[in-house]
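Geometric and topological summary
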Amino acid sequence: MTRLILRRLLELVITLVGIWTVLFFVIRLSGDPIALLMGPGASSGQIEAMRTDLGLDQSLAAQYLLELKRMAALDFGRSIRGGQLALDLAWSRLAVSLQLTICAMLVALLLALPVGIIAAAWRERRVAQLLLAITFLGQALPIFWTGPMLILLLSVAWQLLPVAGWQTPSHAVLPVATLASVLLAKLARMVRAEMLDVLEQDYIRTARSKGLLRGTIILVHGARNAMIPVVTVIGAEFGQLVGAAVLTESIFAIPGIGDMLLNAALARDYPVVQAGVFVITLVVVGVNAAVDVAYSFIDPRVRHAADR
Amino acid sequence: MMRIVLKKIGRSLLMTVGITLGVYSGVASAQGKVLKVALGSMVASMDPNAKTSGPPATIVFYPVFDTLTFSNEKGEVVPSVATSWKNTSPTSWEFQLRGDVRFSNGEVLDAQAVKFTLDRVLNPENKQVVRARIATIKAVTVIGASTVRIDTQSPDPILPKRLSSIFLLPPTYLRSTGEDGFAQKPIGSGPFKVAAFTPSSQVRLEAVTTSWRGRPNLDGVEIRAIPEASTRVASLRAGEAHIVESIPPDLAQRLSRERGLQVVAETLGQVNLILLNTAEPALSKKEVRQALNLAVDKTAIVEGIMKGYAVPTGQLVAPNGTGHSSDIQPYPYDPVKAKAMLDAAGVKDLTLTLHTTQGLQLNDREMTEAVAGYLNAVGVKTQIQVLETAAFVQNYHGGGMNPAFFIGWWYFPAMDGDFVYVWNQSGMKQSRFQNAKFDDLYTASTKEMNPAKRLEIMQSMARMFHEEAPGIMLLHPRQTYGVRQEVQGFVPRPDRVIVFDRIRFQ
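Residues numbered from 1 in each chain as written. Chains lettered and ligands numbered in written order. Predicted model: local features only at pLDDT ≥ 70, side-chain atom pairs only at ≥ 80, totals over all residues.

Overview of the overall build of chain A
In terms of regular secondary structure, chain A is built from 13 helices and 0 strands. Listed N to C, the secondary structure of chain A is α-α-α-α-α-α-α-α-α-α-α-α-α in terms of helices and strands. Counting only residues that meet the buried cut, chain A has 39% of its 308 residues in that class. Put simply, of all contacts in chain A between residues at least 6 apart along the chain, 72% involve residues at least 24 apart. (Helix = DSSP H or I, 4+ residues; strand = E, 2+ residues; numbered from the N terminus. Buried ≥ 20, exposed ≤ 12 C-beta atoms within 10 Å, placed from the backbone. Contact = placed C-beta atoms within 7 Å.)

Encoded structure:
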């Protein structure tokens, strides 16, 4: 168990450094933030002076080593656009994004479970098939359509919910619904597939022969076993969700880390981009690691295999 | 029987009380309320002068901070903290200041504060973004508590206009909090103060009672960024925002018919054109460039793409800026003559690549595509290349993107043509126009202290630019705003500034 955790931590560090390195080179080779920052009135002399001040005139290799040292000390420098500490900016935005993605994940899961189970256990019924088809709609419709449509209907026409921002719980309803709609179909399909698999197993036949109620069989014996692979997928899907959250944050004007990253990337605000990616990587890898550890708790087979 | 009567009386009493309370609270809340404004983006820092310039910065800073001079809605420079100014010599100015200006923490805004602010901006070590705007200043001297002398390196006819974009800061407070502290808790002398700020997201302002600009009608203003245009519009329709900037033109028409809202617009101090590289052999003859101008139907672009929210033009400066010449008309749409002129100039098989951004300026790509279509119609083959913003800016400053690209130049907040003509001087890396006579005129315009004579020089420049046509001049865009009907006192301005001082709810 301890070995597992230690191994995961090591993977986390390696992943962070790797991603950070790729990012460093990609963003440095893609464009110049100084001209963008200083605006049309700046002369070339002023632009070069600013460049020297920010250390962007040194060779890439020199910059890389310097930045690597700084990253180890968690010093990501200051935002080129705003002057705040880049890491502080990233942390302050993270809470909002985490709320959004975790809520969306939970909603998707809570809806995917019954839909998947029903679709598997009562798969001959029309209702079950219809339910599944509706979830597919959520995946097929792009976020930049679903979001504005929900706003148009629920905020503008029916005045039930607020349009944009993240101040009150009712602000969360539409963005979470939009984000969850993408994940819902994938999870529902997975639950259904796993359930179908599980329902073929011998122990299910044993349970039925014991005379247990159909509901008990499905839920207690069927669903619990079907959940195991779904839990592992959550880790991977979480990473995807964080990406999709950028779009949602933009549409609903939510001050999250995705929105921050997007604006920083467009403005070539290197420190903020790096701090943002660092934080997001930390979260995604952390969630995956936590899911792995949790998985070994849920499935006794894995736990014993890991200890051996 | 008695019980019924009593019940009825009780009920009507309750209703009366309820209605009265309702009306009272309605009145009380209508007297001062919080105005909600939605823009396309938000500043990353509330330290004015230091990190950001141009809108939305000016929209957010003007309620909180003051400037020495100000631009009115017509683009003319008027007194603000400085009540008057005069030249004691061509390179020396004296500004008289008001005596009643106080920062919201009580500190006095006097000549010392002005010197402190200007020195801080001018100090190259501080790397302040607006330094370029006042780089002509050599020295700032305090003459008395209310008098400041500013010396320039060479005669600068538009110094007062330049000063309209420098926000005055409290020296004692800034020194005590330091740079970071000030950025987190900024203090200005305007009628509002910052209550909360989320960088690049939103800012909440509260009214202040002690500003020389008077006590605002509003209790506060919430300005937030809603980058997605459809969400901005939805915000307005749902009543969550009272003023929304930048309504997409095709939505604007529909919106103006909706009850409870109106769409207002104002021509910006901005010009859109396709800049042509005159060094390119195919474009070196002015007849060719003029022909390209004749080939494009600007009115159709204004109607079809901008839905009427633009003004076709034949020069760089609109009537709202200094340097506009009212005798210059846009090139007419005459594809027949264009083709004839191209043939006469010996142009065969001309291919032009038009570079453009997408979304940096409103309808930039769409306008470029339209121009490409018109050029195709007169036998010029075109290709469109879309560049990402940062790449575009880099190429622009680096002299790339030949032979043609879409550009939008603006000349606010100073509202002076100098800021657009400067880009076309031979010496500038950004210039695609090499014309010694134009350079001479420009240099003269930067030194001529007599406003009437300077205007004449600038009008000559406008005529020359029109004649030489180093670009396909398109239009001046009009900025659209969606405004809820209960908002009164909102005046759209050519520099995109929103003056919250006089805005109130009906």
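Remarks on the overall build of chain B
In terms of helices and strands, chain B carries 15 helices and 20 strands. A globule of 506 residues ought to have a C-alpha radius of gyration of about 23 Å, and chain B, at 26 Å, matches this closely. With the principal axes as the frame, chain B shows a C-alpha extent of 105 × 65 × 40 Å. When burial is assessed residue by residue, chain B has 50% of its 506 residues classed as buried. (Rg over C-alpha atoms; globule rule 2.2 N^0.38 Å.)

Comments concerning the packing of helix α7 (residues 143–157) of chain A against helix α8 (residues 169–199) of chain A
Each packed pair of helices is defined by two parameters, the angle between the axes and the distance between the axes. All names here are of chain A. The geometry of α7 relative to α8 is characterised by a closest axis approach of 10 Å and an angle of 145 degrees between their N-to-C directions. Crossing handedness for the pair α7 and α8: right-handed. Across from Ile143, Thr146, Gly147, Leu150, Ile151 and Leu154 in α7, the residues of α8 making contact are Leu174, Ala177, Thr178, Ser181 and Val182. Of the residues in the contact of α7 with α8, the class split is 7 nonpolar, 4 polar and no charged. (Axes fitted to C-alpha atoms, helices over the stretch in contact; angles between N-to-C directions. Left-handed = near helix turned anticlockwise from the far one by under 90°. Nonpolar A, V, L, I, M, F, W, Y, C, P; charged D, E, K, R; others polar.)

Quick word on unusual backbone geometry
Residue and element names in this part refer to chain B. With omega at -5 degrees, the peptide bond leading from Asn402 into Pro403 counts as cis. You can see Pro403 is positioned in the loop between α12 (389–398) and β17 (404–410). Between Phe412 and the following residue, Pro413, the backbone shows a cis peptide bond with an omega angle of 5 degrees. Looking at where Pro413 falls in the secondary structure, it is placed in the loop between β17 and α13 (418–421).

Topic: the interface of chain B and chain A
In this assembly, 35 residues from chain B lie in contact with 40 residues from chain A. Elements with a contribution of two residues or more to the side of chain B that touches chain A: β10 (220–225), α6 (229–237) and α12 of chain B. No other element matches α12 of chain B, which puts 6 residues into the side of chain B that touches chain A. Of the residues belonging to the side of chain B that touches chain A, the class tally is 15 nonpolar, 12 polar and 8 charged.

So, the pairing of strand β16 (residues 381–386) of chain B
Residues and elements named next belong to chain B. Relative to β16, strand β15 (residues 351–356) is paired through 6 bridges, and the arrangement is parallel. Counterpart to Thr356 in the pairing with β16 is Val386. The handedness of the β15 to β16 crossover, carried by helix α11 (residues 364–377), is right-handed. (Pairing = 2+ DSSP bridges. Right-handed = clockwise from strand over helix to strand, strands pointing away.)

Some points on the pairing of strand β9 (residues 202–207) of chain B
Residue and element names in this part refer to chain B. Of the strand pairs in this sheet, strand β8 (residues 192–198) and β9 are connected by 6 bridges, and their pairing is antiparallel. The residue bridging Ala196 from the neighbouring strand is Arg204, located in β9. The turn linking β8 back onto β9 is made up of 3 residues, and Ser200 within it adopts a positive phi angle of 60 degrees. Of the pairings in the sheet, the one linking β9 to β10 comprises 5 bridges and is antiparallel in character. Looking at the pairing, Glu206 lines up with Gly220 of β10.

Side note on helix α5 (residues 86–121) of chain A
Between its first and last C-alpha, α5 of chain A extends 51 Å over 36 residues, near the 52 Å set by a 1.5 Å rise per residue. In the structure, α5 of chain A departs most strongly from a straight axis at Leu94 of chain A, where the bend amounts to approximately 30 degrees. (Expected span 1.5 Å × (residues − 1). Bend = angle between axes of the 7 residues up to and from the residue.)

Here's the deal with the sheet that holds strand β7 (residues 147–152) of chain B
All names here are of chain B. Strand order across the open sheet formed by 4 strands is β4-β5-β7-β6, with antiparallel pairing between neighbours. With partners counted over all chains shown, the strands left at the sheet margins are β4 (82–89) and β6 (137–144), one partner each. Looking at each pair of strands side by side, their axes are set apart by 20 degrees on average, direction ignored. In this sheet, β7 lies alongside strand β5 (residues 92–97) in antiparallel orientation, the contact comprising 5 bridges. Each residue of the ladder has a partner; that of Gln96, found in β7, is Thr147. Packing of helix α3 (residues 111–122) onto the sheet brings it into contact with β5, β6 and β7, and relative to β6 it is tilted by some 165 degrees.

Considering the packing of helix α10 (residues 214–251) of chain A against helix α11 (residues 257–266) of chain A
All names here are of chain A. Where α10 meets α11, the closest approach of the two axes is 7 Å, and the angle between their N-to-C directions is 80 degrees. In terms of axis orientation, α10 runs roughly perpendicular to α11. Between α10 and α11, the contacting residues are Val242, Ala245, Val246, Glu249 and Ser250 on the first element and Gly258, Asp259, Leu261 and Leu262 on the second. By residue class, the composition of the contact of α10 with α11 is 5 nonpolar, 2 polar and 2 charged. (Parallel < 35°, antiparallel > 145°, perpendicular 65-115°, else oblique.)

Things to note about the environment of Ile134 of chain A
Structurally, the position occupied by Ile134 of chain A is in helix α6 (residues 126–140). C-alpha separation for the pair Ile134 of chain A and Gln159 of chain A, spaced 25 residues apart in sequence, amounts to 25 Å.

Brief notes about α11 of chain A
All names here are of chain A. Burial runs high along α11: 7 of the 10 residues are buried. Along α11, the positions that sit buried rather than exposed are Ile257, Gly258, Asp259, Met260, Leu261, Asn263 and Ala264. Of the surrounding elements, those touching the buried residues of α11 are α5, α10 and α12 (270–298).

Some thoughts on the confidence of the model for chain B
Residue and element names in this part refer to chain B. The predicted model of chain B averages 90 in pLDDT, with 93% of residues at 70 or higher. Predicted confidence is poor over residues 16–31, with pLDDT under 50, and the contacts of this stretch with residues over four places away or in other chains come to 1 contact. Of the two predicted TM-score estimates for the complex, the pTM is 0.87 and the ipTM is 0.83. (pLDDT = per-residue confidence, 0-100.)

Notes on the environment of Leu262 of chain A
Residue and element names in this part refer to chain A. Structurally, Leu262 is set in helix α11. A C-alpha to C-alpha distance of 9.3 Å links Leu262 and Leu247, two positions 15 residues apart in sequence. Contacts of Leu262, omitting those with residues within four sequence positions, involve Val246 and Ser250.

A closer look at the environment of Glu388 of chain B
When you line up the elements, Glu388 of chain B lands in the loop between β16 and α12. Taking C-alpha positions, Glu388 of chain B is 6.0 Å from Thr357 of chain B, a pair spaced 31 residues apart along the chain.

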